[in-house]
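A structural walkthrough
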Amino acid sequence: MIGAEYSLAIVRPEIPPCPHRPTCPGCPRYGEPGIEPAASARLAELAARAGVTPPRVAIGAPLGFRTRARLAVRGRAASPKVGIFQMGTHRIADIPRCGIHHPAVNEVAAALRRAIRETGVEPYADGPHRGVLRYLQVAVERASGRAQVVLVGNSDSSTPLKPVFESLERELGPRLQGLFWNGNTAAGNAILGPRWQRISGDEALRESVAGVDVFHPPGAFGQSHPELFESLALRARSAVPDGARVLELYAGTGAIGLGLLARAESVALNELSPHGVRGMELGVAVRPEVERTRAVLVPGDAAAQAERIARADAVIVDPPRRGLDRAVLDALVATPPATLVYVSCGVESLVRDAAELLDSGHYALAALDAYALFPYTAHVETLAIFERRPDTGRVYSRR
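Calculation rules
Residues numbered from 1 in each chain as written. Predicted model: local features only at pLDDT ≥ 70, side-chain atom pairs only at ≥ 80, totals over all residues. Heavy atoms only, no water. Phe/Tyr/Trp six-rings, centres within 6.5 Å; stacked < 30°, edge-to-face > 60°. Helix = DSSP H or I, 4+ residues; strand = E, 2+ residues; numbered from the N terminus. Buried < 20%, exposed > 50% of the residue type's maximum accessible area, 1.4 Å probe, protein only. Lys NZ or Arg CZ within 6 Å of the ring centre and 35° of its normal. Polar contact = N/O pair within 3.5 Å; in protein donor to acceptor, adjacent residues only side chain to side chain. Contact = heavy atoms within 4.5 Å. Core = buried A, V, L, I, M, F, W, Y, C linked by side-chain atoms within 4.5 Å. Axes fitted to C-alpha atoms, helices over the stretch in contact; angles between N-to-C directions. Parallel < 35°, antiparallel > 145°, perpendicular 65-115°, else oblique. Left-handed = near helix turned anticlockwise from the far one by under 90°. Expected span 1.5 Å × (residues − 1). Arc of directions from axis to C-beta.

In this structure the tally under the stated criterion is two aromatic pairs. Ring geometry for Tyr 363 and Phe 386: centres 6.1 Å apart, planes at 75°, overall edge-to-face. With Tyr 363 in strand 17 (residues 363-371) and Phe 386 in strand 18 (residues 381-388), this pair connects stretches of sequence that are 23 residues apart. You'll find Tyr 363 and Phe 386 in the same group, each marked buried. Positioned above the aromatic ring of Tyr 124, the side-chain terminus of Arg 134 is 4.2 Å from the ring centre.

Rendered as structure tokens:
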């Protein structure tokens, strides 16, 4: 059952052997239950220090859950490879039958291989910085099963990839949610470049997260395990009291905060990425009028919005793996909100930031949950809920 909680002693799931191991490094813990023991130990230490129950691990389906993938395109036009780099190299592990991927991801990758062979378009070569097709990005819309597809080209326009786009449109037809070109002409390991063009289809993928529609333009971040993330979003929302003035920093496309518009006094949503901000604009636009009046979009760097913490009853943060910006952490210590919801994709940065929050004497850790959003890897998503201690004074303005 998606979102169910299990102890770390769960029975190893019965899953078939991976046909792409050991060449593919994507799932170093393939078939192992729960989260990496080292991450579990660090979270248990944090829980013990704070005097709360050690986190139990929420797990989802063992296969077919990954609805988002970025795959490198290499090889030759006659024999293209679509997959991920082998460890420490730029050699591709071709993964046509990946069991972790949603079936639609594999379907799109197979169609792309056929399109390359059919059109003769040259895949990218890292050494000479030659070739026109570098990467494939796929995101699957759960409700419809349609795929949002991005082809990353090594050119300043989409023209060299036009034959491939036409082939994909012919083969995939209504199974395409949107088809996009991204231009990245820089040498190096960056996947996406600065230039975008919509070839066909919808502007953004539409995903329901616990009853709230969230929109993902192709350049915006989205969770690759949406069913399990849905349970995290519900838990995060439940920690915020009715009528609160909410500030969400590092909000992405608003998957958590948009769900609070129905019962909060106000929700300020901050995001640095313009693609994420556009997703939030689309998400707010489809909410009822009374909810739209409660939403405030705050584009830009989270550190520049730290002063808003003093006027919030509840703060939600979902920073990148490096953790909270210094200005944000300082403001949380100086003017602690009644509730702080911390969503983390980096165990070490969470432990570090939590130590500073707890050492301030202003916070108590009320709950700590772990979610296996990245099963079979060393990564884990964590939800920490902090409450301001009753004896902590706070002076702020309601203006």
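With that settled, the discussion passes to the side chain of Arg 74. Residue placement: Arg 74 occurs in strand 3 (residues 68-76). Judged by relative accessible area, Arg 74 falls into the buried class, the value being 5%. A polar atom in the side chain of Arg 74 sits 2.8 Å from the side chain of Asp 126. Sequence-distant contacts of Arg 74, that is, excluding residues within four places in its chain, are made with Pro 80, Lys 81, Phe 85, Ile 92, Pro 123, Tyr 124, Asp 126, Arg 134 and Tyr 135.

Ranked by size, the top nonpolar core spans 40 residues in total, and within it Leu 332 and Phe 386 carry the most contacts. Listed by contribution, the elements that provide at least two residues to this core are helix 1 (37-50), strand 12 (245-249), strand 15 (314-317), helix 7 (326-334), strand 16 (339-344), helix 8 (347-359), strand 17 and strand 18. Tallying contributions element by element places helix 8 first for this core, with six residues. Beyond its immediate chain neighbours, meaning those up to four positions away, Phe 386 contacts Ala 338, Thr 339, Leu 340, Tyr 342, Ala 354, Leu 357, Leu 358, Tyr 363, Ala 364, Leu 365 and Ala 366. Ranked by size, the runner-up nonpolar core spans 39 residues in total, among them Leu 71, Ala 77, Ala 111 and Ile 116.

Let us now look at the packing of helix 2 (residues 103-119) against helix 3 (residues 162-172). Contact geometry of helix 2 with helix 3 gives a least axis separation of 9 Å together with a crossing angle of 130°. Between helix 2 and helix 3, the crossing angle belongs to the class labelled oblique. As helix 2 packs across helix 3, the resulting crossing turns out to be right-handed. For the pair formed by helix 2 and helix 3, the contact residues are Glu 107, Val 108, Ala 111, Leu 112, Arg 114, Ala 115, Glu 118 and Thr 119 on the first element and Pro 163, Val 164, Ser 167, Leu 168, Arg 170, Glu 171 and Leu 172 on the second.

The next thing to look at is helix 1. Here helix 1 contains 14 residues, and its C-alpha end-to-end distance of 20 Å stays within 8% of the 20 Å for a straight helix at 1.5 Å per residue. What helix 1 keeps buried is the set Ala 39, Ser 40, Leu 43, Leu 46 and Ala 47. The arc enclosing the buried residues of helix 1, seen along the axis, measures out at 125°, which places them on a common side. Turned more than 90 degrees away from the buried face of helix 1 sit Pro 37 and Ala 48, all of them exposed. Buried residues belonging to helix 1 abut helix 8, strand 17 and strand 18. Trailing helix 1 by a residue or two, Gly 51 shows a phi angle of about 75°, which is positive.

Bear in mind that shape data such as this cannot, by itself, settle questions of function.
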